[in-house]
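# Topology and contacts: notes
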Amino acid sequence: MPTTISADTTPSQELLADGDANSSTPSQAMRALAPPMSLKWLRVLLPTTALAWAVIVTVLWLWESSRSEAMFADYLSTIVQVHAKHLNFVTDAPDRATETQTQQDLVQAMQMVTVWVLPVGDYVRADAIIGLSFGQGAPGGPNGQPLPGATNNALAWSVGALLRDIKAAGRPRPKVLLQWEIAEAGKNNDYGVEADLVAHVNEDGTYLSTYGVLQKFAAYIASQGIKTAAIVAHPDHAVRVAKVVQHFGVTAIGTPYLQQGGIAWTDFSCDELGYSNASTQDFTVSRKKYIIYELKTRFSMVFREQIDFSTDDFEAL
């Protein structure tokens, strides 16, 4: 039987839950997100101080009104959809040892809005599969508990697909650590998914944040000597999931099921990008809504030093 772990965070606390109020505070420059544009040519055109002001002014404009936020969401959604695989570009940034703190912060700010793809790695050799849910279905389970929802049904299918790939490669079965929605969907739909550890909400439905899931998995990860993990997540959530996994000392590995076309989302009653308009979590019903939420949460977690975007790799820290 899998182990079940409970949470104690509410949905409205997500931005705070993915953070520790007692963490040290980074420099002022890190308080600004960066506009969605190429750091390479922008740095050529602007000196560092001017770049810092450009970032700050742009961010202030973007968040000044809901209209600006909507415009930004629409623009960034298009960027992610069309250019995501080309946006992991900051690997040729100047040597970190010679940069000023402002430059380092700006690199990190830029990468928060430009890194959206978790590269496919040698996932069949991973020590574990770590799966985090996305959205949630309407009440319909025992005692009125919510159902997993359409997106999590698809993610559960991808866990089963990964296990089949690993078996076909002649590799031993990895440990399977799942958030409850994916575990439940895997069990309900006969996808061949048996979780070794399940992170679950409390009976009152309190929410488990991305960071909270890994906090609950941490002791098991350490006890099992897990060093690498294949990631299961919604593609637009996957980079942040991988960064949190990295924070907990595990190298995060991408899979084909995180790439465009990796999951036939429409077969699971989602749109072609993996979003379900039936999700009861409003920020997960469409990419335009989710992208703004994701950026805010990335910023919050970087600010609290729970994830790190100073590089665009996902090796264990």
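Let me begin by describing the structure that accompanies this report.

## Topic: the overall build of the protein chain
Across its full length, the protein chain holds ten helices and six strands. Across the 317 residues of the protein chain, 53% fall into the buried class. When contacts within the protein chain are restricted to residue pairs at least 6 apart in sequence, those whose partners lie at least 24 apart make up 76%. Total accessible area computed for the protein chain in this model is approximately 14200 Å², and 53% of it derives from carbon and sulfur atoms.

## Quick look at the pairing of strand E5 (residues 228-232)
Remark: a regular strand shows side chains that alternate across the two faces of the sheet. Most of E5 is tucked away: four of the five residues are buried. What joins E5 to strand E6 (residues 251-253) is helix H9 (residues 235-247), and the crossover it makes is right-handed.

## What to know about empty space enclosed by the protein
As enumerated under the stated definition, the model contains three cavities of 30 Å³ or more in all. Counted as a void, the largest cavity has a volume near 130 Å³. If you trace the largest cavity, you find 18 residues lining it, with Ser133, Phe134, Tyr207, His237 and Gln281 closest to the centre. Put simply, the parts of the chain that give the lining of the largest cavity at least two residues each are H9 and helix H10 (287-303).

## Quick look at helix H7 (residues 180-188)
Those residues of H7 that fall on the buried side of the exposure criterion are Trp180, Glu181, Ile182, Ala183, Ala185 and Gly186. At the exit of H7 stands aspartate 190, carrying a positive phi of roughly 55 degrees.

## Regarding the nonpolar core
In terms of nonpolar packing, the biggest core is built from 38 residues, with Ile129, Leu155, Val159, Leu178, Ile182, Val232 and Ile263 touching the most fellow members. Elements with a minimum of two residues in this core: helix H6 (150-168), strand E3 (175-179), H7, E5 and H10. Looking at which element gives the most residues to this core, the answer is H6, with nine residues. With sequence-adjacent residues up to four places away left out, isoleucine 182 is seen in contact with Gly131, Leu132, Ser133, Asn152, Leu155, Ala156, Val159 and Val232.

## A short note on unusual backbone geometry
Although it is not a glycine, aspartate 190 adopts a positive phi angle of roughly 55 degrees. Inspection of the secondary structure puts aspartate 190 in the loop between H7 and strand E4 (197-199). Here serine 269, not a glycine, exhibits a phi torsion of approximately 65 degrees, which is positive. Following the sequence through the fold, serine 269 ends up in the loop between E6 and H10.

## Observations concerning the pattern of salt bridges
Overall, the coordinates contain seven salt bridges when judged by the stated rule. Residues arginine 125 and aspartate 122 are paired through a salt bridge, measuring 3.2 Å at the closest nitrogen-oxygen approach. Between arginine 240 and glutamate 294 there is a salt bridge, with the nearest N and O atoms lying 2.9 Å from each other. Highlighted residues: arginine 240 in helix H9 and glutamate 294 in helix H10, separated in sequence by 54 residues. A relative accessible area of 1% places arginine 240 in the buried class. The class for glutamate 294 is buried, based on a relative accessible area of 0%. Salt bridges sharing partners connect three or more residues here, namely Arg240, Glu294 and Arg298.

## Some remarks on the packing of aromatic side chains
Within the structure shown, the criterion is met by nine aromatic pairs. Measuring from ring centre to ring centre gives 5.8 Å for tryptophan 157 and tyrosine 257, while their planes differ by 85 degrees; the resulting arrangement is edge-to-face. Here the residue tryptophan 157 occupies a position in helix H6, and tyrosine 257 occupies one in the loop between E6 and H10, the gap between them amounting to 100 residues. Its relative accessible area of 27% is what places tryptophan 157 among the partly exposed residues. Seen from their ring centres, phenylalanine 299 and phenylalanine 303 are 6.0 Å apart, and the 40 degrees between their planes marks the pair as tilted. Placement of the pair is phenylalanine 299 and phenylalanine 303 together in helix H10, with a separation of four residues, close to one helical turn. Among the residues examined, phenylalanine 299 registers a relative accessible area of 23% and is labelled partly exposed. Three or more aromatic residues joined by ring pairs make a cluster, and in this case those are Phe134, Tyr275, Phe283, Tyr290 and Tyr293.

## A short note on the environment of leucine 147
Residue position: leucine 147 is located in the loop between strand E2 (128-131) and H6. Judged by relative accessible area, leucine 147 falls into the partly exposed class, the value being 40%. Separated by 133 residues in the primary sequence, leucine 147 and threonine 280 place their C-alpha atoms 10.0 Å from one another. Aside from chain neighbours lying at most four places away, what touches leucine 147 is Gln136, Gly137, Ala138, Gly140, Gly141 and Trp180.

## Some points on the pairing of E2
Along E2, one buried face is formed by Ala128 and Ile130 and the opposite face, lined by Ile129 and Gly131, is buried too. Sheet topology places E2 next to E3; four bridges connect them, and they run parallel. Bridged to isoleucine 130 within E3 is leucine 177. The parallel pair E2 and E3, bridged by H6, forms a crossover whose chirality is right-handed. Where E2 lies against E5, four bridges are found, and the strand directions are parallel. Considered in E5, the bridge of glycine 131 is made with valine 232.

Rules and cut-offs
- Residues numbered from 1 in each chain as written.
- Predicted model: local features only at pLDDT ≥ 70, side-chain atom pairs only at ≥ 80, totals over all residues.
- Heavy atoms only, no water.
- Helix = DSSP H or I, 4+ residues; strand = E, 2+ residues; numbered from the N terminus.
- Buried < 20%, exposed > 50% of the residue type's maximum accessible area, 1.4 Å probe, protein only.
- Contact = heavy atoms within 4.5 Å.
- Areas by Shrake-Rupley, 256 points an atom, 1.4 Å probe, with all protein chains shown as cover.
- Right-handed = clockwise from strand over helix to strand, strands pointing away.
- 1 Å grid on protein atoms, 1.4 Å probe; cavity = no way out; pocket = protein on both sides within 12 Å on 5 of 7 lines; lining within 4 Å.
- Points joined across faces, edges and corners; volume = space filled by probe spheres on them.
- Core = buried A, V, L, I, M, F, W, Y, C linked by side-chain atoms within 4.5 Å.
- Salt bridge = Lys/Arg side-chain N within 4 Å of Asp/Glu carboxyl O.
- Phe/Tyr/Trp six-rings, centres within 6.5 Å; stacked < 30°, edge-to-face > 60°.
- Pairing = 2+ DSSP bridges.

Read these as geometric descriptors, not functional statements.
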